[in-house]
Amino acid sequence: MKLKTIINYLFIAVLAMQLVSCDNKETLESPFNATPTERLNAQQKELNDVLESSEFGWKAIYFTDTTQLGGFTHVFKFKNGSVDMASDYDNDTSVNTSEYSIDLGSTVSLVFTTKNRIHLLSDSNNSPTAALRGKGYKGDFQFLYYGQENGEIIFKTNRSFEELRFIKATATDWTDLAKNRAMIPNVIGEPARPLFRLLETNDGSKVNQFDFSFSAPSRYATANSIETGSSVTSNMGIAYSPTGIIVSPAVKVGTQGLSVFTYDAATGNFNATGTAGVTASIKYTTKPLVLTNDYKILLAGNPSTAFGYIASYLSTAPTNSLVTRNLLEEINATLPSGVTISRVQFQFNTPFGSYIQYLFAGGKATEFHFIITSEDPANKTMILTDDGWNSGTEPAILKKIDAELLNPTGLYVKRENFRFGGPPNTIYTFTSASSNFRITTYAFQ
């Protein structure tokens with residue numbers, strides 16, 4: 001019995017020594033044995049090492065927001081505090097060199113310390129409108145390090161705390177930036193294609209009216225539900241690629257999110273495909289999916305109202321169609337040197353009737369075209385018919401643009417939900433029901 005007892009004690013003692021040994025090993029290997037400073041220093045080295053490890057650098061598609069700018073592709077090559085960088089922000093896709101640092105604070109962060117392409121997304125001198133001048137865009141140039149996953153570097157933006165991932169770049173990623181820019185005309189749409197688009201999915205979801213905003217450098221879109229009684233508007237950022245666009249957030253189709261849309265040159269559509277036959281498509285349509293009654297306040301018997309295209313503020317509005325811009329440029333090219341068309345102004349239900357004013361800068365007298373208003377209630381268009389010119393005859397230089405405004409099928413009138421330029425006035429668009437003419441105006445009432 002004594003021998004057995006002694007053996008039992010020895011076994012327990014050996015087991016205890018093994019447990020102590022294992023505990024000591026776990027403690028020595030645990031990162032929590034290091035001080036906070038030591039852990040941050042280790043992360044700093046880890047981030048620097050991985051940034052310098054990729055042969056062709058890193059690529060990031062940075063979506064700053066969904067209502068102001070959109071998504072921009074950047075490529076980076078890091079080495080010893082210096083970074084080569086290029087982006088598709090504008091047509092300058094050349095490589096620029098600047099400095100970066102990996103800073104220690106409450107966490108480790110990558111900071112682009114001297115000016116480069118990425119600073120264009122946060123420069124206080126940049127803004128989408130004159131009203132926001134000095135406030136800048138919503139981009140960032142400091143990114144908080146959150147580790148690595150599947151070969152990607154995970155960051156969070158400092159200002160908005162949105163996730164941003166760096167993926168290993170290839171040699172072609174640097175040259176693809178120019179190809180991204182080449183996709184812009186396809187997003188804008190060929191002049192011969194309709195002005196209206198829809199977003200259609202094959203999962204039983206309602207079709208959405210879809211509008212791109214392509215006023216440089218902005219690249220975003222809105223999808224408005226056409227379901228009766230619904231006012232749901234979804235905003236999404238757009239990034240260009242050599243083969244199409246990438247949207248954020250992804251379009252939800254059933255349980256899947258589709259973000260990569262491929263351009264089809266034959267139809268002008270942008271198509272996305274998921275698994276099990278799930279698809280989404282951005283398509284053209286010949287008329288608005290949502291027909292409004294916004295034109296009714298302009299009809300006879302209503303209070304006086306006025307709307308004006310002001311060239312100094314609205315010439316770059318994204319809702320002016322290419323046809324409209326070309327017509328205005330053609331008028332200016334025909335006018336004497338120093339004279340330009342400054343306004344196209346609609347006056348409805350004044351004591352003198354309704355008329356269109358064509359105003360000019362540089363000394364040319366204003367032209368007045370008196371009109372009679374009527375409606376096509378089935379198609380919800382306003383129709384303008386000729387009631388004479390103040391000068392007695394139609395000026396030749398205004399013949400083409402005036403024909404668009406007085407086309408027999410009428411105009412769609414829409415009260416837009418965005419502001420543009422300096423004045424805070426509500427925006428209304430006047431769009432031909434039979435051509436690609438659309439002009440942007442301020443409401444004056």
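The structure this text deals with has already been given above.
Described below are features of the structure shown in this document. Since the structure is predicted, the reported quantities are computational estimates derived from the model, not experimental observations.

1. Overview of helix α3 (residues 171–182)
Phase 1: Buried within α3 are the following residues: D173, W174, D176, L177, N180 and R181. In an axial view of α3, the angular spread of the buried residues amounts to 160°, which keeps them on one side of the axis. In α3, those exposed residues whose orientation departs by more than 90 degrees from the buried face are T175 and A182.

2. Some thoughts on the nonpolar core
Phase 1: Counting residues in each nonpolar core, the largest one holds 38 residues, and the members touching the most others are V344, I356, Y358, M382, L405 and F430.
Phase 2: The biggest single contributor to this core is strand β18 (residues 340–350), with 4 residues.
Phase 3: Sequence-distant contacts of L405, that is, excluding residues within four places in its chain, are made with V344, F346, I356, Y358, L384, L411 and F437.
Phase 4: Counting residues in hydrophobic clusters, the runner-up holds 29 residues, among them V50, I102, L110 and Y145.

3. Things to note about the pattern of salt bridges
Phase 1: Counted by the stated rule, this structure contains 18 salt bridges.
Phase 2: The salt bridge partner of K79 is E52, with a shortest N-O separation of 3.9 Å. Here K79 is found in strand β2 (residues 71–79), whereas its partner E52 is found in the loop between α2 (36–51) and β1 (58–63), with 27 residues between them in sequence.
Phase 3: Residue K179 pairs with D176 through a salt bridge whose shortest N-O separation is 3.8 Å. Pair noted here: K179 and D176 are both in helix α3, with a separation of 3 residues, about one helical turn.
Phase 4: Salt bridges sharing common partners tie together E149, E152, E163 and R165.

4. What about the environment of K45?
Phase 1: Along the polypeptide, K45 turns up in helix α2.
Phase 2: Through-space distance from the C-alpha of K45 to that of V108 is 9.9 Å; in sequence the pair is 63 residues apart.
Phase 3: A polar side-chain atom of K45 sits 2.7 Å from a polar atom in the side chain of D49.

Analysis parameters
- Residues numbered from 1 in each chain as written.
- Predicted model: local features only at pLDDT ≥ 70, side-chain atom pairs only at ≥ 80, totals over all residues.
- Heavy atoms only, no water.
- Buried < 20%, exposed > 50% of the residue type's maximum accessible area, 1.4 Å probe, protein only.
- Helix = DSSP H or I, 4+ residues; strand = E, 2+ residues; numbered from the N terminus.
- Arc of directions from axis to C-beta.
- Core = buried A, V, L, I, M, F, W, Y, C linked by side-chain atoms within 4.5 Å.
- Contact = heavy atoms within 4.5 Å.
- Salt bridge = Lys/Arg side-chain N within 4 Å of Asp/Glu carboxyl O.
- Polar contact = N/O pair within 3.5 Å; in protein donor to acceptor, adjacent residues only side chain to side chain.

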